[in-house]
Structure formats: C-alpha cells, structure tokens
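Overview (structure and organization)
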Amino acid sequence: MWQRTLGKKEKTAAVKVGIFRTIFSQRAWNGMKEKKQKGDTMERLNKYLAACGVCSRRDADRLMEEGHVLVDGEIAAIGMRVSGKERIIVNGKTVAGKEEKVVLAYYKPVGVVCTERDSHAERKINDELKYPVRLTYAGRLDKDSEGLLMMTNDGALIDAMMRGANRHEKEYVVRVDKEITPEFLRGMANGVYLKELDLTTRPCEIRQNGKYTFVIILTQGVNRQIRRMVEHFGYRIRSLKRVRVMNVNLASLKPGEYRIVEGNEQKQLYRQAGLLN
C-alpha cells in the first residue's frame, strides 16, 4: 500500500496532538480517581438540588439542559456528580446547601395561585405563606379550589408524592349545582373518559354526604380532574376543598393557616412515599 511521508510541519502537529491527548486522558483519569476516592460523598447534581429544596429532580435536569446551572463556574451537565463543596449557581442565585427538612400542611384559600413565576397572578402561594425557609408545593390546587396543600423543601419527597404510578390518595369534599343522583355517583366511580385529554380516569371511591355534596378519593393527578369529571355529567362545581393527602389531614386548619408535619405523622408520610422502610 502506498504511504505518503509526513513533512516536518505535519510531524510536529501530530506530536502536539498526541501530547494533548495524553494530557487530557491523564486529567480525565485523575478526575475519575478523585471521584472514586470520595465514594459515597458524591451524588447526582439533580438529587443534590432537590435535597436543597431548589426544585425537583426533573426541573433540575431541565434547568441543566437550558444552561441555567453552573458548578464552579462551568455549565453543569445532566448526570454529573457533586460533593456539596462546590459553588453551585442556579438561575443566577448561589445554592446555600442542604437544609433541615421541613414539611407543612397549609390551608390554601380560594384565589391563591400555585405558582412561583407568574407575574400576572395577584396572589401567589409564596407571597401568602410566610415561612423562613423556601418551600415548594407538592401537588397543585387550582385558583378556585381550597384546602390542604403540602409544602416542603425536600425535593425527594415532592418527586415521590407527584409520581402518579405510586397512586397516593387525595381526598376532596365537593359541592355541585344540581342534586346528586345514583347514576352520577356510579359514573364517577367507574372512571370518566375525558375527550379533551384523551384519557380515562382511574376508578375511584366516592360517596354522597348531602343533597349537593360528595366526598371523592383520587389516586392520580390529572389537571383539574374533578372539575372535568363533573362537567362530563352536566354538573358545575360550586366549591371544592381538599381535606387529605395520603396520611395528612386538613383537620382544624383555617384558610391561610399552616402546621408543621412532624413526629410519627411525618414518618408515616415518608414511609407511604417510599422514602422510609
């Protein structure tokens, strides 16, 4: 086979490339050794950000994809691992580090919007709930609904509670504009096909507790699910209140009030979420 002899300049360039590759490989190897030596102190960045209460793991990955996360001045990559000693910046703000886990049961009043970014919302959840630690909601309630809203800085708990496959129970008391019939109750219990979403809701528990009111227990989190289900049968909702999420009850809280979920109640919540044995 014919081979061309390299000239002097080409030989020099080839040598430089070889040296660069050697140095790069050595640095990569040293980085791998350093991470290996740190062992269990390293964790995925998305998990770390969730543990710091910054956002959920899914949102952390999205922020990394969009280039909004910096680690020691470098744009973070999905899957990278950190020890917590790095300087981590998200959306221009330095992450303070992991905090003590806080879980609140909050009574969201009607008119308050579950959002942190909507500048057009008159009453945002973080403006209404004054707490010294930054908290995020685990499961929305729409503006016209009220009742129990779980607030926490534990991203792992938020992820576990929001995962529809876990079928966590949420209980509501609902008042409608017309008299409730047995046919309505059966139809709701069996699952309702929502044409606009092209899905059928899961079968659910429902019982009547008044001429115009019923209690319903859902195990999925479809947007405005109860309102859509009720409208399918020609009804309109007059009031909708969430009274329970998993093992946590609204109890005697009044609109705008909150209580700390702690002790055995918190342990049971984490156990049901699959975060404790």
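What you see is a predicted model, and the numbers here were worked out from it, not measured in a lab.

**Points about the overall build of the protein**
Assigned secondary structure in the protein consists of eight helices and 17 strands. By residue count, 40% of the 277 residues in the protein fall in the buried class. Across the protein, contacts joining residues at least 24 apart in sequence account for 63% of those joining residues at least 6 apart. As presented, the protein carries roughly 17,000 Å² of accessible surface, and 49% of it is formed by carbon and sulfur atoms.

**Topic: the pairing of strand S13 (residues 205-208)**
Where S13 lies against strand S14 (residues 213-218), four bridges are found, and the strand directions are antiparallel. By the bridge assignment, glutamine 208 is partnered in S14 with phenylalanine 214.

**Here we look at the side chain of lysine 170**
Positionally, lysine 170 belongs in strand S10 (residues 170-176). Here lysine 170 occupies a buried position and makes no salt bridge, while the nearest side chain of opposite charge, glutamate 169, is found at 9.7 Å. Apart from the residues lying within four places of it in its own chain, the contact partners of lysine 170 are Ile216, Ile217, Leu218, Gln220, Arg242, Arg244 and Val245.

**Let's talk about the packing of aromatic side chains**
Counted under the stated rule, the structure contains four aromatic pairs. Cluster of aromatic residues (ring-pair linked, three or more members): Phe184, Phe214, Phe233 and Tyr235. In this structure, lysine 178 is placed above the aromatic ring of tyrosine 235, and the distance from its NZ or CZ to the ring centre is 4.8 Å.

**Concerning unusual backbone geometry**
Positive phi values are uncommon outside glycine, yet aspartate 72 reaches one of about 55°. Following the sequence through the fold, aspartate 72 ends up in the loop between strand S2 (69-71) and strand S3 (74-75). Backbone geometry places asparagine 91, a non-glycine residue, at a positive phi of 50°. Here asparagine 91 lies in the loop between strand S5 (88-90) and strand S6 (93-94).

**Structural notes on the pairing of strand S9 (residues 146-152)**
With respect to burial, S9 is a largely interior element, seven of its seven residues being buried. Pairing geometry for strand S7 (residues 103-108) and S9, over six bridges, is antiparallel. Residue valine 103 lies in a different strand from S9, and its bridge partner there is threonine 152. Across two bridges, the pairing between strand S8 (residues 136-137) and S9 is antiparallel.

**Some remarks on the side chain of threonine 201**
In this structure, threonine 201 sits in the loop between strand S12 (199-200) and S13. Residue class for threonine 201 comes out buried when judged on its relative accessible area of 2%. Engagement of the side chain of threonine 201 in a polar contact is seen with the backbone nitrogen of valine 192, the distance being 2.8 Å.

**Focus: the confidence of the model for the protein**
Any region with low pLDDT has predicted coordinates that should not be read closely. For the protein, mean pLDDT is 85; residues scoring 70 or higher make up 86% of the total. Segment residues 13-39: pLDDT under 50, and two contacts once partners within four positions in sequence are set aside and those in other chains are kept.

**Digging into empty space enclosed by the protein**
Empty space left among the atoms is revealed by rolling a probe the size of a water molecule over them. Summed over the entire model, instances satisfying the criterion amount to one cavity of 30 Å³ or more. Approximately 30 Å³ is the volume found for the largest cavity. As for the largest cavity, its lining consists of Ala50, Gly53, Val54, Cys55, Ser56, Thr136, Thr152, Asn153, Asp154, Gly155 and Ile158. Per-class residue counts for the lining of the largest cavity are four nonpolar, six polar and one charged.

Parameters and conventions
Residue numbering note: each chain is counted from 1, following its sequence as written. Whole-chain, interface and lining totals are the exception, using all residues; otherwise, since this is a predicted model, local features are given only for residues with pLDDT of at least 70 and side-chain atom pairs are given and counted only at 80 or more. The side-chain values count all of the structure's non-hydrogen atoms but skip hydrogen atoms and water molecules. Under the DSSP-based scheme used, a helix requires at least four consecutive residues in state H or I and a strand at least two consecutive residues in state E, with every element numbered from the N terminus. Think of it in three bands: with a 1.4 Å probe and only protein chains considered, a residue is buried below 20% of the maximum accessible area for its type, exposed above 50%, and partly exposed in between. Contacts are assigned to residue pairs that have any heavy atoms within 4.5 Å of one another. Surface accessibility in these figures is a Shrake-Rupley result with a 1.4 Å probe; residues are shielded only by whichever protein chains are displayed. Pairing between strands is defined by DSSP: at least two bridges between the two strands are required. Lys and Arg are tallied as positive, Asp and Glu as negative. Neither His nor the chain termini are counted. Whenever Lys or Arg places a side-chain nitrogen within 4 Å of a carboxyl oxygen from Asp or Glu, that contact is recorded as a salt bridge. When the centres of two rings from Phe, Tyr and Trp lie within 6.5 Å, Trp using its six-membered ring, the rings pair. Their planes under 30 degrees apart give stacked, over 60 give edge-to-face, and anything left gives tilted. The criterion for a charge sitting over a ring is simple: Lys NZ or Arg CZ within 6 Å of the ring centre, and within 35 degrees of the ring normal. Think of a polar contact as two N or O atoms within 3.5 Å of one another; within protein, one of them needs to be a possible hydrogen donor and the other a possible acceptor, and neighboring residues in sequence only count if both atoms come from side chains. Across the chain, each position has a pLDDT score giving the predictor's confidence in that residue, from 0 to 100. A cavity, in this analysis, means grid points on a 1 Å lattice covering only the protein atoms where a 1.4 Å probe fits yet has no way out; a pocket is instead an open set bounded by protein on both sides within 12 Å along at least five of seven lines, and a residue lines either one if it has an atom within 4 Å of a point. Grid points are joined across faces, edges and corners, and a volume is the space filled by probe spheres set on the points. Amino acids outside the nonpolar list (Ala, Val, Leu, Ile, Met, Phe, Trp, Tyr, Cys, Pro) and the charged list (Asp, Glu, Lys, Arg) are all regarded as polar, and Gly is one of them.

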